[in-house]
Amino acid sequence: MVPRLAVLVVVMLLVPFGLRLIDARYGADDRHPSYLPSLEAFRARDPFDPFHRHHIARLRPELVILGDSMAGTRIDPAVLAELSGKRVYTLLQAASGPAFWYLAIKNWIIPSGAAPKYVFVFFRDTNLTDVMFRLDETYRAHLDRAAHDSEGELDALVGARRGAIRSRATSAVEAAYGANRTRNWMVPAVGDRVARIIEPGRRRRQAFVVEMNVRLDYRHMRPVVAADIDAVADRDADFDRFIDRSVLPLMIRDAQQAGITLFFVRVQRRPDGGRPPRQSEALARYVARLREYVQAAGALWRDDTGDAAMTIDLYGDGDHLARDARPRYTGLFWNRVRPLLQ
């Protein structure tokens, strides 16, 4: 029994080395030093994309909406512009997290020189102090577009949150097997091969890929009641433990230095039984501490949770609002935040 188990363990450890052989044979030598060495030493990535920086500089918005699909399914920018009488820019990335939001402020909004008066950051529960939220390989392509070649302050926070032992272990495994590097080119290569089989012509194939991406966008998916992130565990609702290992202080610092006021908007998660979702005592304490911290730092705060107008008929799937509810929520949102603005 023991020899068989030992053989099985050896095989399990050796088989993944095949990824290195595949990468050596078919992969491109496009590795660059990672901007987050706490996660990986090298990375194959798309370069920094200045698109949003240029557009913000050109449009010079007074209000910027920043966030993931929580903001995207809530705010109708045309309605907000009409209600507020101000220029509005939406900087939205589905499935993004606080690391992306921080880099968006640091590398796109501030360098644009537009100095919008307010940047509204939409978030759920403890996301703002969880620097690791949506920072794994599944979501890192979003971050790549917003990151420069070196992001020392962000990397220091990632390393502090992960812990030295775990960081070294993860780096050692990746150095041995190269799984992430291989997956980075293998997954799109497989998709491209399938597209070539379906549409041999290059021009028609490109149109087909664009059409499929549009069709598979989350707005066209069948609504499901379940949210895309679970309820907060009490261990994560510890504000004092995580605040100094989060990007929140950097976001507020950089915005203040640029003359920009951050306005943090905590969205209400899906109602349950006609009432706001239940919050644990730990989460209630966390939110109170977060609000106190944000306001003491000179930023603004809005919590949708408990607002009687946030009824279930506004919601689509999970915590997302229905598409036809965006104008209604936008009006509600503006009426709530307008008295807080100078």
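Residues numbered from 1 in each chain as written. Predicted model: local features only at pLDDT ≥ 70, side-chain atom pairs only at ≥ 80, totals over all residues. Heavy atoms only, no water.

Chemist: What is the right way to read the packing of helix 6 (residues 98-109) against helix 13 (residues 248-257) from this model?
Modeler: Axis angle and axis distance: for two packed helices, these are the angle between their axes and the distance between the axes, and together they describe the pair. Their axes nearest at 10 Å, the elements helix 6 and helix 13 cross at an angle of 20 degrees. One finds that helix 6 runs roughly parallel with respect to helix 13. The handedness of the crossing between helix 6 and helix 13 comes out as left-handed. Along its contact with helix 6, which presents Trp 101, Tyr 102, Ile 105 and Lys 106, the element helix 13 presents Leu 250, Met 251 and Asp 254. Partitioned by chemical class, the residues of the contact of helix 6 with helix 13 number five nonpolar, no polar and two charged. (Axes fitted to C-alpha atoms, helices over the stretch in contact; angles between N-to-C directions. Helix = DSSP H or I, 4+ residues; strand = E, 2+ residues; numbered from the N terminus. Parallel < 35°, antiparallel > 145°, perpendicular 65-115°, else oblique. Left-handed = near helix turned anticlockwise from the far one by under 90°. Contact = heavy atoms within 4.5 Å. Nonpolar A, V, L, I, M, F, W, Y, C, P; charged D, E, K, R; others polar.)

Chemist: For this particular structure, what's the right way to read the packing of helix 5 (residues 77-84) against helix 15 (residues 326-337)?
Modeler: It is at 9 Å that the axes of helix 5 and helix 15 come closest, and there the two elements cross at 35 degrees. Two packed elements cross with a definite hand, and for helix 5 against helix 15 that hand is right-handed. Residue-level inspection shows Pro 77, Val 79, Leu 80, Leu 83 and Ser 84 of helix 5 in contact with helix 15, the latter providing Arg 326, Pro 327, Thr 330, Gly 331, Phe 333 and Trp 334. Of the residues belonging to the contact of helix 5 with helix 15, the class tally is seven nonpolar, three polar and one charged.

Chemist: How should the side chain of Thr 73 be read in this particular structure?
Modeler: Here Thr 73 shows up in the loop between helix 4 (69-72) and helix 5. For Thr 73, a relative accessible area of 6% gives the class buried. There is a polar contact of 3.3 Å between the side chain of Thr 73 and the backbone nitrogen of Leu 321. (Buried < 20%, exposed > 50% of the residue type's maximum accessible area, 1.4 Å probe, protein only. Polar contact = N/O pair within 3.5 Å; in protein donor to acceptor, adjacent residues only side chain to side chain.)

Chemist: Just to check I follow, could you spell out the sheet that holds strand 3 (residues 63-67) for this structure?
Modeler: A sheet is described by the order of its strands in space; here five strands give the open sequence 4-3-5-6-7, paired in parallel fashion. Each end of this open sheet is capped by a strand with a single partner; those strands are strand 4 (88-92) and strand 7 (300-303). Taken pair by pair, the neighbouring strands of this sheet meet at an average axis angle of 20 degrees, ignoring direction. In this structure, strand 6 (residues 261-266) lies alongside strand 7, joined through four bridges in parallel fashion. What sits directly across from Arg 266, in strand 7, is Asp 303. Sheet strands in contact with helix 14 (residues 281-296) are strand 5 (118-123), strand 6 and strand 7, and its direction is about 150 degrees off that of strand 7. Sheet strands in contact with helix 15 are strand 3, strand 5, strand 6 and strand 7, and its direction is about 120 degrees off that of strand 5. (Pairing = 2+ DSSP bridges.)

Chemist: It is not clear to me how the nonpolar core should be interpreted in this structure. Could you clarify?
Modeler: If you look at the biggest cluster of nonpolar residues, it comprises 50 residues, and the most contacted ones within it are Leu 91, Leu 154, Met 251, Leu 262, Phe 264 and Leu 290. With nine residues, helix 6 is the single largest residue contributor to this core. Beyond its immediate chain neighbours, meaning those up to four positions away, Met 251 contacts Trp 101, Tyr 102, Ile 105, Val 121, Leu 262 and Phe 264. Judged by nonpolar contacts, the second largest core, of 25 residues, contains Ala 71, Phe 122, Met 310 and Leu 341. (Core = buried A, V, L, I, M, F, W, Y, C linked by side-chain atoms within 4.5 Å.)

Chemist: What is the right way to look at helix 13 in this model?
Modeler: Helical periodicity: at 3.6 residues per turn, an α-helix aligns residues three or four positions apart in one direction. For helix 13, the complete set of buried residues consists of Leu 248, Leu 250, Met 251, Ile 252, Asp 254 and Ala 255. Against helix 6, strand 5, helix 8 (152-162), strand 6 and helix 14 lie the buried residues of helix 13.

Chemist: When you look at the pattern of salt bridges in this model, what are you seeing that I'm missing?
Modeler: Oppositely charged side chains can pair when the atoms bearing their charge come close. This structure, assessed with the given rule, holds 22 salt bridges. Among the ionic pairs, Asp 307 bridges to Arg 336, the shortest N-O distance being 2.8 Å. Here the residue Asp 307 occupies a position in the loop between strand 7 and helix 15, and Arg 336 occupies one in helix 15, the gap between them amounting to 29 residues. By relative accessible area, which is 12% here, Asp 307 ends up buried. (Salt bridge = Lys/Arg side-chain N within 4 Å of Asp/Glu carboxyl O.)

Chemist: Sorry, what's going on with the packing of aromatic side chains here?
Modeler: Within a pair of aromatic rings, the relevant descriptors are the distance that separates the centres and the angle that separates the planes. For the structure on display, the rule yields nine aromatic pairs. Consider the rings of Phe 239 and Tyr 286, whose centres lie 5.9 Å apart with planes at 70 degrees: the pair is edge-to-face. Of this pair, Phe 239 sits in helix 12 (residues 239-242) while Tyr 286 sits in helix 14; the two residues are 47 residues apart in sequence, bridging distant segments of the chain. Judged by its relative accessible area of 3%, Phe 239 falls in the buried class. On the accessibility criterion, Tyr 286 (1% relative accessible area) is buried. Ring pairs connect the aromatic residues Tyr 118, Phe 120, Phe 122, Phe 263, Tyr 329 and Phe 333, which therefore count as one cluster. The residue whose ring lies beneath Arg 74 is Tyr 329, and the NZ or CZ to ring-centre distance is 6.0 Å. The ring of Tyr 139 carries Arg 134 above its face, with NZ or CZ at 5.8 Å from the centroid. (Phe/Tyr/Trp six-rings, centres within 6.5 Å; stacked < 30°, edge-to-face > 60°. Lys NZ or Arg CZ within 6 Å of the ring centre and 35° of its normal.)

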